[in-house]
Structure formats: structure tokens, C-alpha cells
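Below, each chain spelled out in residue letters.
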Amino acid sequence: MASLVVVISLLVAWTTMLNADAIIHPALISASRTLAKKGDSVNLKCSISDDKISEYPQNMYLCKDGVGIRMQMLIEENFTSFAVNNFTSMDSGEYTCVYSTTKMQPKDMNTTGKELVVIKLHEVPPATISGENTELTVGDILQLQCQITEREYREHLVFHLYKNGVGIPETPERNSNNTHAVFMIRNITTRDSGIYSCLFVEENLPMEVRGEGVNSIHIKVFSAEDLNAEDCDPDGSGSSGIIAAVTVIFLMVLAALLGYQYRGRLKHCEYA
């Protein structure tokens, strides 16, 4: 038993010595996204900056917060990809890549690469939205209120306004106790029509990040031409009258044709 312990100790010492002598090179890294929702997949690409492919197989290591977590061997390639599936808060952190001809356990790799990417879990607490008017005209002021409960409040988060699921660069004009905000969009146009919702998110969140609130409001902005058309025919009776008139004319023409055919047949019978 004692001899087995000695052998194991020697193997550990030998492995440690090899790892200490290993030459580690920093690698490049890129990520498919730096903000991920819970359950998302994030792809990380690690590559060797040199165009030449080494004649010796290289081992690429993916490190998180300075510690290796994954390893792949490069064969006739100078890059590889690692997938982080079902992203959670445990996956948030700083990612780097390094490579070496020495193969070791990823957890024994304690170093950082040439560059790093920071990937965070994107938590989006939804908020409620309300508005007094949902139908407006060009030039009006669109006023929308966003609200959360006291329990949902977070100090580092702010209200963002979303249209059709995409953030828009609007700053709330009034904020009450950080749980209520009012957005006012002046001189609106028909392009401001859409479905609006609110989220309570990080201040520097990219606008292209999509999200949905607790509820949404469908805002319609009408142009002057739209209003004039409604004034001329407010209840739609004008279009209905036109359809009725066309229908009557069609029936009259059809009746005339049928009557003409019937008279022709009578004459034919008399001659016969």
C-alpha cells in the first residue's frame, strides 16, 4: 500500500513538472454574443494569430476567469470553437484562450490569453406599460408610463422603452422613486406606430437586444390624409353605398340580358 502511494506521488510530481515546463501561448478569442439570456447558447471561437499552421499538434484551452475549463486539439487548423449551452449565471465571467503543444488537464491551466471577452447573463425584469391615448395624429406627443413593483427594484437597473420588441433610444422625462417612469415622444410621425412595452434593464444595454414586458400597447399614428378620409366618410357608409350601387347596376344588367334571351326564344318558337 505504501509503495502505491509513493508511485502516485511520483506521477503527480512528474505531471506537475511537465506542466510547469509547458510553453503556453496566448490565443485570440471572439464570442457570438456578450449578453446571453438564461438557456441561450454562446459560441466561443479560439484562434492562433499566426497564419502558419504548426507542424506539431496544438492543444487549445478555453479559460474562464483565468482557469482552464475545456480543451480541444488542433489538427491542420489554426482555430476551434467551444459551445456554452443552456447559459446560466454560473457561466458569466471573463473568457480567454491559450494553446500549447503540451497536453494537460484543463483545470491545471492557470493563465490568460491574448485578449478576453466578458459574457454576462442578461436578466430582463419585465415592467408594465400604460398610456392615456393609443390613437394619435402626426405632431402629437406620445406619453407612456412604465412601472415595476418595489420588490422588483434593482439599484443598477433603469427603464428602457421597446417598440416591436427592440429597444429605442428614449430617456424617461420623469422618474418617481425609481419604480415609475414616464416617456414622452414629441412630434410623432406615422413611423412611431407600433407595439410598445417596457423593461427594467441595465443602462448600457445595446438597443438591438429584444425583449417583452408584462403587457404591451398598440399605438396608431394617423396622418392628415387618413383623418381627411375619415371626415369624408366617418362611418364607412360612403364605401358601402358605392358597393351597393355597383351591385344594383350589375343585377339590372343581368336581368336585361336574361330578358333579352327569353324574348329571343319566344320569337323562335312562333316562327317554328
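These remarks concern the structure in this document. Residue numbers here run from 1 along each chain, matching the order of that chain's written sequence. Only residues with pLDDT of at least 70 are given local features in this predicted model, and only at 80 or more are side-chain atom pairs given and counted; all residues enter the totals for whole chains, interfaces and linings. Calculated side-chain values reflect all of the structure's heavy atoms, with hydrogen atoms and water omitted.

### Focus on the overall build of the chain
For step 1, the next point in the chain: Only DSSP runs of H or I covering at least 4 residues are called helices, and only runs of E covering at least 2 are called strands; the numbering of each starts at the N terminus. Within the chain, the regular secondary structure consists of three helices and 17 strands.
For step 2, the next point in the chain: Categorising residues by exposure relies on relative accessible area from a 1.4 Å probe, with only protein chains included: less than 20% of the type maximum marks a residue as buried, more than 50% marks it as exposed, and the intermediate range marks it as partly exposed. Among the 272 residues that make up the chain, the fraction classed as buried is 29%.
For step 3, the next point in the chain: Here, two residues are considered to be in contact whenever any of their heavy atoms come within 4.5 Å of each other. Here the contacts in the chain between residues at least 6 apart in sequence split such that 71% fall between residues at least 24 apart.
For step 4, the next point in the chain: What sets the accessible areas is the Shrake-Rupley method with a 1.4 Å probe; for residues, cover comes only from the shown protein chains. Surface summary for the chain: the accessible area is close to 17800 Å², and the carbon and sulfur share equals 55%.

### Overview of the packing of aromatic side chains
For step 1, the next point in the chain: Only the six-membered ring of Trp is used, alongside the rings of Phe and Tyr, when aromatic pairs are assigned; centres must lie within 6.5 Å, and planes under 30 degrees apart are stacked while those over 60 apart are edge-to-face, with the rest tilted. Across all of its chains, the model carries one aromatic pair by this definition.
For step 2, the next point in the chain: When the ring of Phe-159 is compared with that of Phe-200, the centres are 4.9 Å apart and the planes differ by 50°; the resulting orientation is tilted. With a gap of 41 residues between them, Phe-159 in strand E12 (residues 157-163) and Phe-200 in strand E16 (residues 194-202) connect regions that are remote in the sequence. Neither Phe-159 nor Phe-200 differs from the other in exposure class; each is buried.
For step 3, the next point in the chain: Both a distance and an angle decide whether a charge sits over a ring: NZ of Lys or CZ of Arg must be within 6 Å of the ring centre and within 35 degrees of the ring normal. The lysine or arginine in question, Lys-45, covers the ring of Phe-79, its NZ or CZ lying 4.8 Å from the ring centre.

### Quick look at the side chain of Lys-64
For step 1, the next point in the chain: Mapped onto the elements, Lys-64 comes out in strand E4 (residues 58-64).
For step 2, the next point in the chain: At 3.2 Å, the side chain of Lys-64 forms a polar contact with the side chain of Asp-65.
For step 3, the next point in the chain: The residues contacting Lys-64, other than those within four sequence positions of it, are Ile-69, Met-90, Asp-91, Ser-92, Gly-93, Glu-94 and Tyr-95. Polar contacts here mean pairs of N or O atoms no more than 3.5 Å apart (in protein, one a potential hydrogen donor and the other a potential acceptor; neighbouring residues in sequence count only if both atoms are side-chain atoms).

### Digging into the side chain of Ser-223
For step 1, the next point in the chain: In this structure, Ser-223 sits in the loop between strand E17 (217-222) and helix H2 (224-232).
For step 2, the next point in the chain: For Ser-223, the side chain forms a polar contact with the side chain of Glu-225, separated by 3.3 Å.
For step 3, the next point in the chain: Dropping the residues within four chain positions of it, Ser-223 is found in contact with Val-138 and Thr-190.

### A word on the state of the cysteines
For step 1, the next point in the chain: By convention in this document, the label disulfide applies to cysteine sulfur atom pairs within 2.5 Å. For the coordinates displayed, the defined rule picks out two disulfides.
For step 2, the next point in the chain: Paired through a disulfide, Cys-146 and Cys-198 show a sulfur-sulfur distance of 1.7 Å. On the sign convention where negative is left-handed, the bridge of Cys-146 and Cys-198, at about -40° about the S-S bond, is left-handed. Within this pair, whereas Cys-146 is found in strand E11 (residues 142-147), its partner Cys-198 is found in strand E16, the two being separated by 52 residues in sequence.
For step 3, the next point in the chain: In the chain, the bonded cysteines, taken in the order they occur along the sequence, pair up as 1-2, 3-4.

### Here's the deal with the pattern of salt bridges
For step 1, the next point in the chain: Salt bridge criterion: a side-chain nitrogen from Lys or Arg within 4 Å of a carboxyl oxygen from Asp or Glu. Summed over all chains, the structure comprises four salt bridges.
For step 2, the next point in the chain: Note that Lys-64 is salt-bridged to Asp-65, the shortest N-O span being 3.2 Å.
For step 3, the next point in the chain: On the basis of relative accessible area, Lys-64 is assigned to the buried category, the value being 18%.
For step 4, the next point in the chain: With a shortest N-O distance of 3.6 Å, Asp-108 and Lys-107 are connected by a salt bridge.
For step 5, the next point in the chain: For Asp-108, a relative accessible area of 32% corresponds to the partly exposed category.
For step 6, the next point in the chain: By relative accessible area, which is 57% here, Lys-107 ends up exposed.

### What about the environment of His-160?
For step 1, the next point in the chain: Of note, His-160 is situated in strand E12.
For step 2, the next point in the chain: Expressed as a C-alpha distance, the spacing of His-160 and Phe-200, which sit 40 residues apart in the sequence, is 6.2 Å.

### Some thoughts on the environment of Val-118
For step 1, the next point in the chain: Here Val-118 is to be found in strand E8 (residues 117-121).
For step 2, the next point in the chain: We classify Val-118 as partly exposed; its relative accessible area is 35%.
For step 3, the next point in the chain: A sequence separation of 22 residues divides Val-118 from Thr-96, and the C-alpha atoms of the two residues are 9.1 Å apart.
For step 4, the next point in the chain: Among all residues touching Val-118, those that are not within four sequence positions of it are Thr-34, Gly-93 and Glu-94.

### Details of unusual backbone geometry
For step 1, the next point in the chain: The phi angle at Asp-65 is positive, at roughly 55°, despite the residue not being glycine.
For step 2, the next point in the chain: Mapping Asp-65 onto the fold places it in the loop between E4 and strand E5 (67-74).
For step 3, the next point in the chain: The class of Asp-65 is partly exposed, set by a relative accessible area of 44%.
For step 4, the next point in the chain: Positioned with a positive phi, Asn-86 is a non-glycine residue whose angle comes to about 50°.
For step 5, the next point in the chain: Structurally, the position occupied by Asn-86 is in the loop between strand E6 (79-84) and strand E7 (93-100).

That's the geometry; what it means functionally is another story.
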